[in-house]
Amino acid sequence: MINLVKIKNPMPEQDPMVRNKNFKEVSIGYTEDMAINEAMRCLHCRKKPCTTGCPVKVRIPEFIAKVAIGEFEEAYQIISTTSSLPAICGRVCPQENQCEGKCVQGVKGQPVAIGRLERFVADWHREHCTDEIIEKAEGNGHKVAVVGSGPAGLACAGDLITKGYEVTVFESLHKEGGVLAYGIPEFRLPKAIVADEVSKLEAKGVQFINNAVVGMSMTVDELFEDGYEAVFVGTGAGLPQFMNIPGENLLGVYSANEYLTRINLMKAYKPEYDTPIQISKRVAVIGGGNVAMDAARCAKRMGAEEVYIVYRRSMDEIPARKEEIHHAMEEGIKFQMLTNPVAIKGTDRAYVCGLECVEMELGEPDASGRRRPVEKKGSNFILDVDAVIMAIGTRLNKLILDTTENLKANAKGGIGADEKTGATSHTGIFAGGDAVTGAATVILAMGAGKNAAESIDKFFEDN
């Protein structure tokens, strides 16, 4: 039976004026009845266009068909054949630009809520299969090192361990998960879910070594000397970027990386933790991506009375997910559009006391295809704030590039690697995710990790 309703089943959520004061998950999740009802909206198209939009090739119509008849565990097992992080992907993937963007139902209505169904299935499995027995694959005698435990590294490690490889993941921080742990707030991605996914990999035999900064604690070449026969580098792009405007060294100026890490990884929002963080009343977040939305919504939850998103283009060009923008607006975040900062003002004690901005207008499209913002001369004004968070993008830490012989960079300054295979200029070294492409999405990083795992497997077959 097919449900002919043209709109998605709405996602139950916390009230905006309640949730903007806590770090509990915003979206509560579908009930079983809601999931079945939503799954029945799938038309089961012969060509399965939704699957072409998924970087990890989840068998979408197949798992949805199982949900529609209430076979939730069977649906989970189908997803698990291609995705090792379904509970995470169901929450943070930009489905509107990927699988749901290809859904035929979206032509004359709203697409099937594929992400919400994936999340439901993964959560159902976690809640009902507490005695799950995870079997280890038979070893094939080969050792592989994975550098970085973010989405690319976890996906690569997950695929390799099922193929029988001995896999060790080296993580520079004290907690596994990479950007999943330090970058995405608890209210979007509960850290218990990340820990659960990591524990499943450990149960399969993946070994995690924390506080290990490859390129400093040891080099990639030394990993080969220690018996690893191939190395996957999935270190992400974690260094912050600034605007190089006056006042960026004032007290109360943060990079979004630092701000989110203090909150997400170091639990600054919990009174029992001693993580130092300034509690501000009026906060400006510079940028318009998902990281900017995360930082702004965190600032609100940390007690700020006014929080501004300061973005130099209009709402038509803002790159953040529509869902994140919608949630931010509901929670009282103010959007200061067509505005560009030119200086940060400070007190005589070097604390932030204002953000000088200019008004912008849109001109002709630039290389990105978006209309280029042009400054309105003489439009300077001061935004009254006591903290500024820079969320204008990240760049690659070149530690591994600088300490690994014969490893070349690409034109963007990332690690040079084949887009499909992850192979680099150094035999036996593969790379993928943000370390190669620059900042992108969780699911694209996972796709790169999976492609690299397949290439590493072929590398051993050929050698």
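Not measured: the values here are computed from a predicted model. (Residues numbered from 1 in each chain as written. Predicted model: local features only at pLDDT ≥ 70, side-chain atom pairs only at ≥ 80, totals over all residues. Heavy atoms only, no water.)

Attention now moves to the overall build of the protein chain. Secondary structure assignment for the protein chain yields 17 helices and 16 strands. Taking 463 residues into account, the globule formula puts the C-alpha radius of gyration at 23 Å, and the protein chain, at 23 Å, falls close to it. Along the longest, intermediate and shortest principal axes, the C-alpha atoms of the protein chain span 65 × 60 × 50 Å. Counting only residues that meet the buried cut, the protein chain has 54% of its 463 residues in that class. (Helix = DSSP H or I, 4+ residues; strand = E, 2+ residues; numbered from the N terminus. Rg over C-alpha atoms; globule rule 2.2 N^0.38 Å. Buried < 20%, exposed > 50% of the residue type's maximum accessible area, 1.4 Å probe, protein only.)

According to the stated counting rule, one finds 28 salt bridges in the structure shown. Its salt-bridge partner being Lys450, residue Asp159 comes within 2.9 Å of it at the nearest N-O pair. Pair noted here: Asp159 is in helix 8 (residues 151–162) and Lys450 is in helix 17 (residues 442–462), with a separation of 291 residues, a long-range link. The exposure classification of Asp159 matches that of Lys450, with both residues buried. (Salt bridge = Lys/Arg side-chain N within 4 Å of Asp/Glu carboxyl O.)

What follows is about unusual backbone geometry. Non-glycine residue Lys267 carries a positive phi angle of around 55 degrees. Relative to the elements of secondary structure, Lys267 occurs in the loop between helix 12 (256–264) and strand 7 (282–286). The backbone of Leu338 shows a phi angle near 50 degrees, a positive value even though the residue is not glycine. Considering the arrangement of structural elements, one finds Leu338 in the loop between strand 9 (334–336) and strand 10 (339–346). Looking at Leu338, the relative accessible area reads 26%, which means it is partly exposed.

There is a patch of nonpolar side chains on the surface, built from Ile2, Leu4, Leu43, Val104 and Val107 and spanning about 470 Å² of accessible area. Within the secondary structure, Leu43 is located in the loop between helix 2 (32–39) and helix 3 (49–52). With relative accessibility at 34%, the residue Leu43 sits in the partly exposed group. (Patch = residues over 30% accessible without salt bridge, like charges linked within 9 Å, V, L, I, M, F, W, Y side chains within 5 Å. Areas by Shrake-Rupley, 256 points an atom, 1.4 Å probe, with all protein chains shown as cover.)

Quick look at the sheet that holds strand 8 (residues 306–310) now. Spatially, the five strands line up as an open sheet ordered 6-14-7-8-9, and their pairing is parallel. The open sheet has two edge strands, strand 6 (253–255) and strand 9, and neither has a second partner. Pairwise comparison of adjacent strand axes, ignoring direction, gives a mean angle of 25 degrees for this sheet. (Pairing = 2+ DSSP bridges. Axes fitted to C-alpha atoms, helices over the stretch in contact; angles between N-to-C directions.)

Before going further, it helps to examine the packing of helix 2 against helix 7 (residues 114–128). Helix 7 packs onto helix 2 with a crossing angle of 140 degrees between their chain directions and a minimal axis gap of 10 Å. Viewed along their axes, helix 2 and helix 7 adopt a mutual orientation that is oblique. Both helix 2 and helix 7 take part in a crossing whose hand is left-handed. Judged by residue contacts, Glu32, Ala35, Glu38 and Ala39 of helix 2 engage Leu117, Phe120 and Trp124 from helix 7. (Parallel < 35°, antiparallel > 145°, perpendicular 65-115°, else oblique. Left-handed = near helix turned anticlockwise from the far one by under 90°. Contact = heavy atoms within 4.5 Å.)

Further remarks concern the packing of helix 8 against helix 17. Pairs of packed helices are described in terms of their axes, by the angle between the two and the distance that separates them. Where helix 8 contacts helix 17, the two axes come as close as 7 Å, and the packing angle between them is 35 degrees. Every pair of crossing elements has a handedness; the one defined by helix 8 and helix 17 is right-handed. Contacts between helix 8 and helix 17 involve Pro151, Ala152, Ala155, Cys156, Asp159 and Leu160 from the former and Val442, Ala445, Met446, Gly449, Lys450, Ala453 and Ile456 from the latter. For the contact of helix 8 with helix 17, the class distribution of residues is ten nonpolar, one polar and two charged. (Nonpolar A, V, L, I, M, F, W, Y, C, P; charged D, E, K, R; others polar.)

This brings us to the layout of surface pockets. Taken as a whole, the second largest pocket encloses approximately 650 Å³ of empty space. Considering the residues around the second largest pocket, the lining is formed by 27 residues, among which Lys8, Arg116, Arg321, Glu323 and His327 are closest to the centre. Among the elements of the structure, helix 6 (86–92), helix 7 and helix 14 (322–330) are those that each provide at least two residues to the lining of the second largest pocket. Here the lining of the second largest pocket gets five residues from one element, more than from any other, and that element is helix 14. Each residue belonging to the lining of the second largest pocket can be placed in one class, and the counts come to five nonpolar, eight polar and 14 charged. (1 Å grid on protein atoms, 1.4 Å probe; cavity = no way out; pocket = protein on both sides within 12 Å on 5 of 7 lines; lining within 4 Å. Points joined across faces, edges and corners; volume = space filled by probe spheres on them.)

A word on the side chain of Arg301. Looking at the secondary structure, you find Arg301 in helix 13 (residues 290–301). Taking relative accessible area as the criterion, Arg301 reaches 7% and is therefore assigned buried. Within the structure, the side chain of Arg301 is placed 3.1 Å from the backbone oxygen of Arg19, a separation counted as a polar contact. A distance of 2.8 Å separates a polar atom in the side chain of Arg301 from a polar atom in the side chain of Glu331. Residue contacts for Arg301: discarding those within four places in its chain leaves Arg19, Asn20, Lys21, Asn22, Phe23, Val26, Phe187 and Glu331. (Polar contact = N/O pair within 3.5 Å; in protein donor to acceptor, adjacent residues only side chain to side chain.)

One ladder, built from seven bridges, connects strand 10 with strand 11 (residues 352–365); its direction is antiparallel. Bridged to Thr339 within strand 11 is Glu359. Here strand 10 folds back onto strand 11 in antiparallel fashion, the turn holding five residues, of which Ala350 has a positive phi close to 70 degrees. Examined bridge by bridge, strand 11 and strand 13 (residues 381–383) share three bridges and lie antiparallel to one another.

Let us look at helix 17. Between its first and last C-alpha atoms helix 17 spans 30 Å; for 21 residues at 1.5 Å apiece the expected length is 30 Å, and the two agree. Counted residue by residue, helix 17 has 15 buried out of 21 residues, so it is predominantly covered. (Expected span 1.5 Å × (residues − 1).)

This next bit is on helix 7. The terminal C-alpha atoms of helix 7 lie 21 Å apart, and with 15 residues this matches the ideal 21 Å at 1.5 Å per residue to within 8%. Counting buried positions along helix 7 yields eleven of 15 residues, so the element is predominantly enclosed. For helix 7, the full list of buried residues reads Ile114, Gly115, Leu117, Glu118, Arg119, Phe120, Val121, Ala122, Asp123, Trp124 and His125. Looking at the packing, one finds that the buried side of helix 7 touches helix 2, helix 3, helix 4 (60–68), helix 5 (72–80), helix 6 and helix 10 (191–204).

With that settled, the discussion passes to the side chain of Glu356. Along the chain, Glu356 turns up in strand 11. For Glu356, the side chain forms a polar contact with the side chain of Lys345, separated by 3.2 Å. With sequence-adjacent residues up to four places away left out, Glu356 is seen in contact with Asn340, Pro341, Val342, Ala343, Lys345, Asn380, Phe381 and Ile382.

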